[in-house]
Amino acid sequence: MPKLGMEPIRRDALIKATIAEIGAVGSLDVTVSRIAKRAGMSSALAHHYFGGKDQIFLAAMRHILTGYAAEARRELARTPPERRAQAILRASFAPGHFDAATIGAWMNFYVLARKNDQALRLWRIYQRRLRSNLVHALRPVCAAPEPAAESLAALIDGLYIRAALDHPGSPEAALERALAMLDMLTEAPR
């Protein structure tokens, strides 16, 4: 008989184990068995909750994206309208999101999106929201908000890719690079 109330706890443990395992291995070449072992449960239970590795990984990315969205909302809530772009960049490079495991998960998410329709759909939603938020934030401070938003979105991706290939570096250093680019695009001091 299953323990009542354990499903959300076990799902959360599997999601966190997925992020940690992919971060440790650096690729999607992890098995459900390894993820389940890291979470302290059987692979059968992991399959029961998610169905397969792709579904576990998509749940992990939804978890990461939900955390990012919450961070962005917090930053935007305490930032004046003319500094919204800085708030979005601060959320993008918050220490809780710019760590080795999360960076590894992002890189593998991009790879998965090339072959999995659900991942591609999730990636497109994220990209549209990021671009829309950046365009909205840049309108009051930038003559050409659309191309500036594209440049900043590409820079965010690029800094994550560099961190994945080199080493994560510090979130502060990544944020400083992004803010410097924002300054160049808006020609306004921070």
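Going by the structure above, here's the rest.
As the structure is a computational prediction, the values presented were derived from the model and not from experiment.

Some words on the pattern of salt bridges
Between side chains of opposite charge, a pair can form as their charged atoms come close.
Argument step 1. This model, assessed by the stated rule, comprises nine salt bridges.
Argument step 2. Through salt bridges that share partners, Glu21, Arg34 and Arg38 make up one connected network.

Re the nonpolar core
Argument step 1. Phe93 and Trp106 are the most contacted members of the largest nonpolar core, which has 63 residues in total.
Argument step 2. Of all the elements, helix 4 (residues 53-77) adds the most residues to this core, at 11 residues.
Argument step 3. Ignoring anything within four residues of it in the chain, the contact list for Phe93 reads Phe98, Ile156, Leu159, Tyr160, Pro171, Ala174, Leu175 and Ala178.

Notes on the side chain of Gln127
Argument step 1. Here Gln127 is to be found in helix 7 (residues 117-138).
Argument step 2. Classification of Gln127 by relative accessible area gives buried; the value is 16%.

Considerations on the environment of Arg129
Argument step 1. Structurally, Arg129 can be placed in helix 7.
Argument step 2. Arg129 sits 55 residues away from Arg74 along the chain, and the two C-alpha atoms are 16 Å apart.

Concerning the packing of helix 1 (residues 6-25) against helix 6 (residues 100-113)
Each pair of packed helices gets described by two things: the angle between the helix axes and the distance between those axes.
Argument step 1. Packing of helix 1 against helix 6 brings their axes to within 7 Å, and their N-to-C directions diverge by 85°. Between helix 1 and helix 6, the interaxial angle falls into the category roughly perpendicular. Of helix 6, the residues touching helix 1 (which contributes Ile19, Ala20, Ile22 and Gly23) are Ala100, Ala101, Thr102, Gly104, Ala105 and Asn108.
Argument step 2. Considering only residue class, the contact of helix 1 with helix 6 consists of six nonpolar, four polar and no charged.

Considering the environment of Gly52
Argument step 1. Note that Gly52 resides in the loop between helix 3 (43-50) and helix 4.
Argument step 2. Along the sequence, Gly52 and Gln118 sit 66 residues apart, while their C-alpha atoms lie 13 Å from each other.

Some details on a positive patch on the surface
Argument step 1. On the surface, Arg62, Arg121, Arg124, Arg128 and Arg129 cluster together into a patch of positive charge.
Argument step 2. At four residues, the largest contribution of residues to the positive patch is made by helix 7.
Argument step 3. Tracing the backbone through its elements, the reader meets Arg124 in helix 7.

Quick notes on the packing of helix 8 (residues 145-165) against helix 9 (residues 171-186)
Argument step 1. In contact at an axis separation of 10 Å, helix 8 and helix 9 are set at 160° when each is read in the N-to-C sense. Taken together, helix 8 and helix 9 sit at an angle that is classed as roughly antiparallel. Handedness of the crossing formed by helix 8 with helix 9: right-handed. Along the contact surface, helix 8 presents Ala148, Ser151, Leu152, Leu155, Leu159 and Arg162, while helix 9 presents Ala174, Arg177, Ala178, Met181, Leu182 and Leu185.

With respect to helix 7
Argument step 1. With 22 residues, helix 7 extends 31 Å from end C-alpha to end C-alpha; this agrees with the ideal 32 Å at 1.5 Å per step.
Argument step 2. Along helix 7, the residues classified as buried are Ala119, Leu122, Ile125, Tyr126, Gln127, Leu130, Leu134, Val135, Ala137 and Leu138.
Argument step 3. Structurally, helix 7 contributes buried residues whose contacts are with helix 4, helix 5 (84-92), helix 6, helix 8 and helix 9.

Topic: the packing of aromatic side chains
Argument step 1. Counted according to the given criterion, the structure contains nine aromatic pairs.
Argument step 2. Both rings, one in Tyr68 and one in Tyr126, keep their centres 6.2 Å apart while their planes meet at 75°; by these two values the pair is edge-to-face. A residue pair is termed long-range when its members are at least 10 positions apart, and Tyr68 in helix 4 and Tyr126 in helix 7 qualify at 58 residues. Grouping residues by exposure puts Tyr68 and Tyr126 together as buried.
Argument step 3. Note on Phe93 and Phe98: the rings are 5.4 Å apart at their centroids and 75° apart in plane angle, and the pair reads as edge-to-face. Residues Phe93 and Phe98 agree in their burial class; the two are buried.
Argument step 4. An aromatic cluster of three or more residues is present, and its members are Tyr68, Phe93, Phe98, Trp106, Phe109, Tyr110, Tyr126 and Tyr160.

Criteria and cut-off values
Residues numbered from 1 in each chain as written. Predicted model: local features only at pLDDT ≥ 70, side-chain atom pairs only at ≥ 80, totals over all residues. Heavy atoms only, no water. Salt bridge = Lys/Arg side-chain N within 4 Å of Asp/Glu carboxyl O. Core = buried A, V, L, I, M, F, W, Y, C linked by side-chain atoms within 4.5 Å. Buried < 20%, exposed > 50% of the residue type's maximum accessible area, 1.4 Å probe, protein only. Helix = DSSP H or I, 4+ residues; strand = E, 2+ residues; numbered from the N terminus. Contact = heavy atoms within 4.5 Å. Axes fitted to C-alpha atoms, helices over the stretch in contact; angles between N-to-C directions. Parallel < 35°, antiparallel > 145°, perpendicular 65-115°, else oblique. Nonpolar A, V, L, I, M, F, W, Y, C, P; charged D, E, K, R; others polar. Patch = residues over 30% accessible without salt bridge, like charges linked within 9 Å, V, L, I, M, F, W, Y side chains within 5 Å. Areas by Shrake-Rupley, 256 points an atom, 1.4 Å probe, with all protein chains shown as cover. Lys, Arg positive; Asp, Glu negative; His and termini not counted. Charge placed at Lys NZ, Arg CZ, Asp CG, Glu CD. Left-handed = near helix turned anticlockwise from the far one by under 90°. Expected span 1.5 Å × (residues − 1). Phe/Tyr/Trp six-rings, centres within 6.5 Å; stacked < 30°, edge-to-face > 60°.

Structural measurements only, silent on function.
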